[in-house]
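If you want the building blocks of each chain, they are given just below.
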Amino acid sequence: MDQATVLNVVIVGGGPGCKAIMDMIFAENLTQLRMKLIGVACTNPKAVGYRYAQEKGVYTTKDYSDLYRLKDLNMIIELTGRDDVANEISRTKPEHVRLIDHVAAHVFWDLFQIEEERIAERKRAEEKLRDTIKQLEVAYDQSIIYAQELKQEIEEHKRAREERKKLEAQLLHAQKMESIGTLAGGIAHDFNNLLMGIQGYASLILNDFDENHPHYHWVRRIQDHVESGAGLTRQLLGFAIGGKYDVRPTDMNEIIKNTSSMFGRTRKEVTIKEKHEQNLWTVEVDQGQIEQVLLNLYVNAWQAMPAGGHLYLETSNVTLDESSTKPYDAQPGRYVKISVTDTGTGMDEATQERIFDPFFTTKQMGWGTGLGLASAHEIIKSHGGNINVYSEKGEGTTFNIYLPATSAECKPQIAESQMQTEFSRGTETILLVDDEDMIIDVGEKMLTAMGYKVLTARGGKEAIEILSKAQRAEGKEQDGKESAGGGPGAQRPAPDLVILDMIMPGMGGGEVYDRMKEINPDIKVLLSSGYRIDGEVAKILDRGCDGFIQKPFNMKQLSQSIRKIMDEK
């Protein structure tokens, strides 16, 4: 769903959790999430949430199927805890179900509790301060001798109160960012799985079409839109968890030339002027993420120049000392500086202070989500660099990016058009491990279409059991204990490769990987996740995992990742 539009929400279940979620949706501090409650369904009209919805003028019904008639329904939050209700909703109206999960209720409830605790803590602090001041006033009246001491004590209390307010504001901000990050990360993970299903089935369709088929280009357009959706999840994850995907030595002059050329072809009212330093130092970056940062800055500049204008792009080598890097928690040393300057309307100081906050935007409805600069800030920070802004109203804006230089050499990259256009086939046995039925279904079909024999496991425990049985059967065969008369098909073949999902309930990818290696140290594993190569994913790769593939992926990407592992000697 386009993040610029309002997310129309209905709730199935009218208990206290329903009321808590409604309070958070109506609360002022969540208005930038663009959520709107349009209906509540509950079989008990006396339930507290049901009555509260009626008081607020929200549409109510005893039959949750009535909610399907509401216009522009985007999200259903199911709070009944009943599997039959959740399954019925998913079966009858799958296109409207974006989240049928108690995770949403917990996130809303946690936010509500944080806000309640903050208000209570403020009241306690104010009451304590009032009591202290009264005591000081009494002491002052009793003796003029201690007047100066009392005055100093009051001043100290004022300073302490101001410091406390600052600390409370910092804590509240951190808590809000953590809660929003949790919500954004969860939505991005679920959205990536949906995109994976769409991408996989589109690849299967294209496998049966050639370029002359009337529907070939339509399916390719579907894949293009999937990539756009994946870009949105990368923005969400950019500030939710940070990290990098694919880091390699890069010439920033080439990146800027390519991105500005692409942008200039679509925005001819903007005149682009470039100034590149010769012999620019190399940087180690995720090229896709840096391109995302630059394009975000270009688009912001274009929107600040509605009547057209000039966009100045400049690169240079700079050396920063500790005084320059300390405010950004970066290391002193050699940096590549990229400056993006426009001749647009500019910003005031208040706007500049919030420009990198998630969901903050000065644009009108439909023109932005407030994620672009927030994700840009986190991307540059995750690369060990920093980004700052200088602007004046009516005088334009300059963004300066500093990326650490490296001594590594740039290697020419193979263009997408020069890469293999058809997927590679194989005959090996592959064990596909994922807790999502949709991923299992489309993954099995894709692998079968490539010629592989496929085993599936809907979780880590099942995967361990499959590998253990295969290993025991192989051991019996080697010991000669298996009778020569055993018919074919009595035992499923041992997997040659495991495609392992990273995020699964009960037993995560890291634990499953370690258990599989204990059973068979030679088993090959391809890790699959919607998250970046960072944190737990990077740790598993460091422990010897054979490869990583980013969701959503198509058949060509999957086949190339498999053959890269299987063909290694």
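Residues numbered from 1 in each chain as written. Predicted model: local features only at pLDDT ≥ 70, side-chain atom pairs only at ≥ 80, totals over all residues. Heavy atoms only, no water.

K.L.:
Help me understand the overall build of the protein chain, please; the structure alone is not making it clear to me.
P.N.:
Looking only at helices and strands, the protein chain features 16 helices and 16 strands. Per-residue burial for the protein chain yields a buried fraction of 46% across its 569 residues. Sequence-distant contacts in the protein chain: of pairs separated by 6 or more residues, those separated by 24 or more amount to 71%. When the accessible surface of the protein chain is totalled, it reaches about 31000 Å², and 49% of it is carbon and sulfur. (Helix = DSSP H or I, 4+ residues; strand = E, 2+ residues; numbered from the N terminus. Buried < 20%, exposed > 50% of the residue type's maximum accessible area, 1.4 Å probe, protein only. Contact = heavy atoms within 4.5 Å. Areas by Shrake-Rupley, 256 points an atom, 1.4 Å probe, with all protein chains shown as cover.)

K.L.:
I keep staring at the sheet that holds strand 3 (residues 60-61) and nothing clicks. Help me out?
P.N.:
Note on sheets: strands pair through backbone hydrogen bonds, and any given pair is parallel or antiparallel. Reading across the sheet, the four strands line up as 3-2-1-4 and stay open at both edges, with parallel pairing between neighbours. Each edge of the open sheet is held by one strand with a lone partner, namely strand 3 and strand 4 (75-78). Bridge analysis of strand 1 (residues 7-12) against strand 4 gives four bridges, and the strand direction is parallel. Residue Ile11 lies in a different strand from strand 4, and its bridge partner there is Ile77. (Pairing = 2+ DSSP bridges.)

K.L.:
What am I meant to see in the pairing of strand 13 (residues 453-457) here?
P.N.:
On a regular strand, one side chain projects to one face of the sheet and the next to the other, so that they alternate. Counting buried residues along strand 13, four of its five residues qualify, which places the element largely inside the surrounding structure. Inspection of the sheet shows strand 12 (residues 429-433) paired to strand 13 by five bridges, in the parallel sense. If you follow Leu432 over to strand 13, its bridge partner there is Thr456. Following the backbone out of strand 12, through helix 12 (residues 437-449) and into the adjacent parallel strand 13, one traces a crossover that is right-handed. (Right-handed = clockwise from strand over helix to strand, strands pointing away.)

K.L.:
In this structure, what is going on with the sheet that holds strand 16 (residues 547-550)? I would like to understand it.
P.N.:
If you trace the five strands from one edge of the open sheet to the other, you get 13-12-14-15-16, paired in parallel fashion. Since the sheet does not close on itself, it has two edges, and those belong to strand 13 and strand 16, each with one partner. Going from strand to strand, the sheet's axes swing by 20° on average, the running direction of each strand aside. Its contacts with the sheet put helix 16 (residues 555-566) on strand 12, strand 14 (497-501), strand 15 (524-529) and strand 16, and the angle it makes with strand 15 is roughly 150°. (Axes fitted to C-alpha atoms, helices over the stretch in contact; angles between N-to-C directions.)

K.L.:
Looking at this model, I keep getting lost on the pattern of salt bridges. Mind explaining?
P.N.:
Side-chain pairs of opposite charge can arise where the charged atoms are in close proximity. The full count for this structure, using the stated rule, is 13 salt bridges. The shortest N-O distance in the salt bridge between Glu121 and Arg124 comes to 2.7 Å. Residue Glu121 and its partner Arg124 are both found in helix 4 (residues 102-142); the two are separated by three residues, about one turn of the helix. Across the pair Glu254 and Lys257 runs a salt bridge whose closest N-O atoms are separated by 4.0 Å. With Glu254 and Lys257 both in helix 7 (residues 252-266) and three residues apart, the pair spans about one turn of that helix. Since its relative accessible area comes to 38%, Lys257 is described here as partly exposed. Look at the salt bridges and you will find they share partners, linking Glu428, Arg563 and Asp567 into a network. (Salt bridge = Lys/Arg side-chain N within 4 Å of Asp/Glu carboxyl O.)

K.L.:
Would you take a moment to explain helix 16 for this structure?
P.N.:
Each full turn of the α-helix corresponds to 3.6 residues, which orients residues three or four apart in the same direction. Helix length check: helix 16, at twelve residues, gives a terminal C-alpha distance of 16 Å against a target of 16 Å (1.5 Å per residue), a fit within 8%. Across the twelve residues of helix 16, nine count as buried, placing the element largely inside the fold. Looking only at helix 16, the buried set comprises Met555, Lys556, Leu558, Ser559, Ser561, Ile562, Arg563, Ile565 and Met566. The backbone nitrogen of Lys556 has a side-chain oxygen 3.2 Å away, supplied by the residue at the start of helix 16, namely Asn554. (Expected span 1.5 Å × (residues − 1). Polar contact = N/O pair within 3.5 Å; in protein donor to acceptor, adjacent residues only side chain to side chain.)

K.L.:
What should I look at first to understand the packing of helix 1 (residues 16-26) against helix 2 (residues 48-55) in this one?
P.N.:
Packed helix pairs are specified by the crossing angle of their axes together with the interaxial distance, meaning the distance between the axes. Where helix 1 meets helix 2, the axes come as close as 7 Å, and the angle between the chain directions of the two elements is 35°. Of the residues in helix 2, those in contact with Pro16, Cys18, Lys19, Met22, Asp23 and Phe26 of helix 1 are Val48, Gly49, Tyr52 and Ala53. For the contact of helix 1 with helix 2, the residue count by class is seven nonpolar, one polar and two charged. (Nonpolar A, V, L, I, M, F, W, Y, C, P; charged D, E, K, R; others polar.)

K.L.:
Help me out: how do you make sense of the packing of aromatic side chains in this one?
P.N.:
The geometry of two aromatic rings is summed up by the distance between their centres and the angle between their planes. Evaluation of the coordinates by the stated rule reveals one aromatic pair. Here the guanidinium or amino end of Lys19 rests over the ring plane of Tyr52, the centre of that ring lying 4.5 Å away. Positioned above the aromatic ring of Trp281 is the side chain of Arg334, whose terminal nitrogen or guanidinium carbon lies 4.4 Å from the ring centre. (Phe/Tyr/Trp six-rings, centres within 6.5 Å; stacked < 30°, edge-to-face > 60°. Lys NZ or Arg CZ within 6 Å of the ring centre and 35° of its normal.)

K.L.:
Any chance you could explain the confidence of the model for the protein chain here in plain terms?
P.N.:
Caution applies to low-pLDDT parts of the model: their predicted coordinates are not meant to be read in detail. A residue-level look at the protein chain finds 76% of positions with pLDDT of 70 or above and a mean pLDDT of 79. Contacts of residues 364-370 to residues separated by more than four positions or lying in other chains number 16 contacts, the stretch itself having pLDDT below 50. Per-residue pLDDT stays below 50 along residues 482-489; that stretch engages in three contacts with residues further than four places along the chain or on separate chains. (pLDDT = per-residue confidence, 0-100.)

K.L.:
Where do I start with the nonpolar core in this structure?
P.N.:
Within soluble globular proteins, side chains that are nonpolar generally end up buried alongside one another. Core analysis: the biggest nonpolar cluster contains 33 residues, and Met252, Ile290, Leu294, Ile338, Ile401 and Leu403 have the highest contact counts within it. If you list the elements that add at least two residues to this core, you get helix 7, strand 7 (282-286), helix 8 (287-303), strand 8 (309-320), strand 9 (333-342), helix 11 (372-382), strand 10 (386-392) and strand 11 (396-406). In terms of residue count, helix 8 provides more of this core than any other element does, seven residues in total. Sequence-distant contacts of Ile338, that is, excluding residues within four places in its chain, are made with Met252, Ile256, Leu294, Glu314, Thr315, Phe399, Asn400, Ile401 and Leu403. (Core = buried A, V, L, I, M, F, W, Y, C linked by side-chain atoms within 4.5 Å.)

K.L.:
Explain the packing of helix 7 against helix 8 to me, please; I cannot follow it from the model alone.
P.N.:
Running from N to C, helix 7 and helix 8 point in directions that differ by 45°, and their axes come no closer than 10 Å. As the angle between them shows, helix 7 and helix 8 are arranged oblique. Here helix 7 and helix 8 pass one another in a crossing that is right-handed. For the pair helix 7 and helix 8, contact is made by Met252, Ile255, Ile256, Thr259, Ser260, Met262 and Phe263 and by Gln287, Ile290, Glu291, Leu294, Leu295, Tyr298, Val299 and Trp302, respectively. (Parallel < 35°, antiparallel > 145°, perpendicular 65-115°, else oblique. Left-handed = near helix turned anticlockwise from the far one by under 90°.)

K.L.:
Where do I start with the side chain of Asp66 in this structure?
P.N.:
Turning to its location among the elements, Asp66 is positioned in the loop between strand 3 and strand 4. Its relative accessible area of 19% is what places Asp66 among the buried residues. A distance of 2.8 Å separates polar atoms of two side chains, one belonging to Asp66 and the other to Thr61. Among residues more than four places away in sequence, those in contact with Asp66 are Tyr59 and Thr61.

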